[in-house]
Structure formats: structure tokens, C-alpha cells
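# Summary of the model geometry
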Amino acid sequence: MSAESASMAKPRFRDASTESPLARFSLMALALAFMAFVLLLPLLLVFIEAFRQGVPAFFEALGDPDTMSAIRLTLTVAGISVPLNLVFGVAAAWAIAKFEFKGKTFLITLIDLPFSISPVISGLVYVLLFGSQSVLGPFLKSYGIEILFAVPGIVLATVFVTFPFVARELIPLMQEQGTGDEEAALSLGASGWQTFWYVTLPNIKWGLLYGVLLCNARAMGEFGAVSVVSGHVRGLTETMPLHVEVLYNEYNFVAAFAVSTLLALLALVTLALKTILELRYGHAIAAGRKH
């Protein structure tokens, strides 16, 4: 077959820019309509319902003691679980990306486990581990340590469902960077900690911040696992998502949507920070997303 006939036999793919204006406009309109219906409309309705009875009713709902307790508990759980996940994520990523050892693939699989398990199932696992019918539950309770239906259980459940976020952002980024910088620092006499603080950490700081943002957003918005282990003790073990459900079931719609606006604002702030990071440090974050 001649070169000319071979070139003619090749399938020709149309460039997207050659599509008719009507086709491009239709696709864009369809995508925007879908986003508006699925994302923007529900978000708008949350704010409309929250202010349906006016601004005073909105702030009165947020000032309720049970609501303030839910906000404090949510911030406390996030303040504990996010730093724990930060430490674990950095340590796991450093070990996986910089060293070769047996069980490395298994460790990566364990890190991805919360992505494949329902949060409700993970909460039930903690009930089996620390419930009244388990071995650990009564033993810890004899020393005055409460896990289930208390803050420690909520923290454990939150840590479980959020710990892949930091590690999964850092592992591919650190693999992409390789070990050259660390080896150079060690050859010049730097210790292991000096190498980490002055070489490794500055190279991963934006990917680390990106992972922390995602981890924090998930920690504050987690519902399934926390619902199982919290016991729904009002004013004590209700986080903001759980409190929204309780208020809604009590037909206190203004208060339910008022608390929902706080979670929505958290999501918007996280999205804004995420966008800023991608715009200013997109090259580092893009490297971290290569798998």
C-alpha cells in the first residue's frame, strides 16, 4: 500500500474547534444547565431557606446552646483529626516514596481502604471494637475511658475516613521528585531530620496544604461514621451534620438550614483556597496528581 493510500486510510478526527457554533453552544449550555441544577440551585436554596424568616431568626438559630455545642465539637474533632492525618500522611508518603521495603504495596492498599468502605461500615467496626460486648470496651471503661458515644470515638471515626487525603496527595508528588535532593543533602553531612525539614518539607509544602484543605473539609462534613459512634447525645456528641439532621427531623427548618449555611460556607472557602492554590502553584499540584 502506497504512502498516499495509507494516509487516506487513516481515520480523520475532527478538531473540537471545527465544530459548528450551534454544537459548541449546545454542549456548553447543557453543561452549565446541569451544573446549575445539581450544584448551584441546591446551594442557593440552602441560603434562601436559612433567611426565610429574616436575619434575626437566622442568628437566633445559630446562637442556640445545642447549635454552639455542635459547632465547638465539629471544630474540636477537626482540630484533632487533621493534625493526626497530617503527621501520618507525611510519614506514610515519605516512607513509600523514598524507600523500598516489603509490604509497600500492602501499605498503599491500606491507605486507600477508606475510599472503598462505606463510612457507616467503618463506624460499625468501631462499635464492634469498643462496644459493651467487646473485649476492649469494658476494659477501657473500667479505667474511666469512654470511646463510643463520646469524643474519642468521633475522633477515631473521623480520622479513619479522612486519613487518605494527605497521604494520597503527597505520595505521587514525592515519587515525582525522586530522592536526588535528599541524597545530596545527606552526602553534605545533613542529618535525617535536617534533610526532612530543610529539603523534603519545602518541596512538598503546597501539595501538603492542598491535602490538608481536603482533609479538613471532609472532617467537618463527615456524617455516616460519626452518626454510628456518636450516639446522638444532644449538646454533647452531635457534630454540625448530625445536628442539621436532628433539627430537620424536628421541623425546625430555619435552624437546620442556618447550620447548613455554615457547612456550605466552609465548602466555598475550601473551594476558593483550592482554586487559588491551583492557579498559583498548579505545576506542583499537577505533579502530585500523576499516578
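Use the structure listed above.
Notes on the structure follow. Note that the coordinates shown come from a computational prediction; the quantities given were computed from them, not determined experimentally. (Residues numbered from 1 in each chain as written. Predicted model: local features only at pLDDT ≥ 70, side-chain atom pairs only at ≥ 80, totals over all residues. Heavy atoms only, no water.)

## Structural notes on helix α13 (residues 240-249)
Quick reminder: α-helices carry 3.6 residues per turn. Residues three or four places apart thus point the same way. Under the convention used in this document: Each residue is assigned to one of three classes by its accessible area relative to the maximum for its type, calculated with a 1.4 Å probe on protein chains only: buried under 20%, partly exposed between the two thresholds, exposed over 50%. The numbering of helices and of strands both runs from the N terminus, where a helix is a DSSP run of H or I of at least 4 residues and a strand a run of E of at least 2.
Counted residue by residue, α13 has seven buried out of 10 residues, so it is predominantly covered. At the C-terminal side of α13, Y251 shows a positive phi close to 65 degrees.

## Overview of unusual backbone geometry
Even without a glycine there, the phi angle at F149 is positive, about 60 degrees. Along the chain, the position of F149 falls in the loop between α7 (136-142) and α8 (151-162). Even without glycine at this site, Y251 takes up a positive phi of about 65 degrees. Inspection of the secondary structure assignment puts Y251 in the loop between α13 and α14 (253-280).

## Side note on empty space enclosed by the protein
Applicable threshold: Residues are said to line a cavity or pocket when one of their atoms sits within 4 Å of a point; the points come from a 1 Å grid over protein atoms alone, cavities being sets where a 1.4 Å probe fits but cannot get out and pockets being open sets with protein on both sides within 12 Å along at least five of seven lines. Grid points are joined across faces, edges and corners, and a volume is the space filled by probe spheres set on the points. Each residue is assigned to one class: nonpolar for Ala, Val, Leu, Ile, Met, Phe, Trp, Tyr, Cys and Pro, charged for Asp, Glu, Lys and Arg, and polar for all the others, Gly among them.
Per the counting criterion, the structure on display carries one cavity of 30 Å³ or more. Within this model, the largest cavity holds a volume of roughly 40 Å³. Lining the largest cavity are T74, V77, I154, T158, A219, M220, E222, V226 and T239. Only α4 (65-98), α8 and α11 (192-221) provide two or more residues apiece to the lining of the largest cavity. Grouping the amino acids of the lining of the largest cavity by side-chain chemistry returns five nonpolar, three polar and one charged.

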